[in-house]
Amino acid sequence: MARTLHLGAFLHGVGHHSAAWRHPESAAERLGDIAFFEESARVAEKGLLDAVFFADGHSVNRTYTAGTTWFLEPITALSAMARATSHIGLVTTVSSSFWTPFHAARMLASLDHISGGRAGANIVTSMFDAEARNHGFDALPAHAERYARAAEFVEALTALWDSWGEDALLVDR
Ligand SMILES: Cc1cc2nc3c(=O)[nH]c(=O)nc-3n(C[C@H](O)[C@H](O)[C@H](O)COP(=O)(O)O)c2cc1C
């Protein structure tokens, strides 16, 4: 059987290198411009990549990356990118430490409907205390506690997605 390589584009602000924004041809002015990300998704799709991917965090962290970082909220951005493309996968990052499973299940299912089944999720437990402070905590919970919650989070997420049958809506006027 032929082996195939799957490739995705990891879109990160306007470049991965912390000084990439300084390049004369960088798209630094377009950090919050959805048209830039729609164009990036179209280029990735034309180039036969399988997916575009957004990492995500819930704080600005100057020790981790300088220059450009996450700006647009990934699920809303991917919803626009879904309408600008036809078949490329749309993968977001979701924090199991800060989101509730219901909220995640609803947002991801909505992106999946909007995109015709192209949504994907990278579930993370988050990395920085600065993120926790944006959610009213002093610090991130301990590693074991975060990963225990993540396991239950994924279980609840999939149970919620399976809680409606494909034939649940009868539209019987
Ligand atoms: C390629 C890669 C991408 C990652 N992207 C994110 C991300 O977008 N958001 C996040 O909070 N953590 C991200 N992480 C961090 C992981 O979720 C994880 O916290 C990290 O690998 C450390 O592992 P540990 O939590 O077991 O200590 C990423 C890790 C890797 C290797």
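Worth saying up front: this structure is predicted, and the values here are computed from it rather than measured.

(A) Main features of the site of the ligand. Inspection of the region around the ligand gives A55, D56, T93, V124, S126, M127, H143 and Y147 as its neighbouring residues. Contact distances for the ligand include 2.8 Å between an oxygen atom and a side-chain N or O atom of H143. Y147 has a polar side-chain atom sitting 2.6 Å from an oxygen atom of the ligand. Tallied by class, residues from the shell around the ligand come to four nonpolar, three polar and one charged.

(B) Highlighting the sheet that holds strand 1 (residues 8-10). Read from one edge of the open sheet, four strands run 1-2-3-4, paired in parallel fashion. Across the chains shown, the open sheet's two edge strands, defined by having one partner strand only, are strand 1 and strand 4 (119-124). Taking each pair of neighbouring strands and ignoring which way they run, the sheet shows an average axis angle of 25°. In the packing of helix 3 (residues 101-114) onto the sheet, the strands contacted are strand 3 (89-95) and strand 4, and the crossing angle to strand 4 comes to about 150°.

(C) Looking closely at the packing of aromatic side chains. Tallied over the entire structure, the rule returns three aromatic pairs. Ring geometry for F36 against F37: centres 5.0 Å apart, planes inclined by 75°, an arrangement best described as edge-to-face. Across this residue pair, the class does not change: F36 and F37 are buried. Here the aromatic residues F36, F37 and F54 are joined through ring pairs into a cluster of three or more.

(D) Layout of the pairing of strand 4. With six bridges joining them, strand 3 and strand 4 adopt parallel strand pairing. Directly across from V94, in strand 4, lies its bridge partner I123. Crossover connection from strand 3 via helix 3 to parallel strand 4: handedness right-handed.

(E) Summary view of the nonpolar core. L11, V52, F54, L78, M81, L90 and W99 are the most contacted members of the largest nonpolar core, which totals 29 residues. For this core, the secondary structure elements donating two or more residues are helix 1 (34-46), helix 2 (74-84), strand 3, helix 3 and helix 5 (143-161). For L78, the residues in contact, after removing those within four places along its chain, are V52, F54, L90, V91, T92 and L111.

Rules behind the numbers
- Residues numbered from 1 in each chain as written.
- Predicted model: local features only at pLDDT ≥ 70, side-chain atom pairs only at ≥ 80, totals over all residues.
- Heavy atoms only, no water.
- Near = heavy atom within 4 Å.
- Polar contact = N/O pair within 3.5 Å; in protein donor to acceptor, adjacent residues only side chain to side chain.
- Nonpolar A, V, L, I, M, F, W, Y, C, P; charged D, E, K, R; others polar.
- Pairing = 2+ DSSP bridges.
- Helix = DSSP H or I, 4+ residues; strand = E, 2+ residues; numbered from the N terminus.
- Axes fitted to C-alpha atoms, helices over the stretch in contact; angles between N-to-C directions.
- Contact = heavy atoms within 4.5 Å.
- Phe/Tyr/Trp six-rings, centres within 6.5 Å; stacked < 30°, edge-to-face > 60°.
- Buried < 20%, exposed > 50% of the residue type's maximum accessible area, 1.4 Å probe, protein only.
- Right-handed = clockwise from strand over helix to strand, strands pointing away.
- Core = buried A, V, L, I, M, F, W, Y, C linked by side-chain atoms within 4.5 Å.

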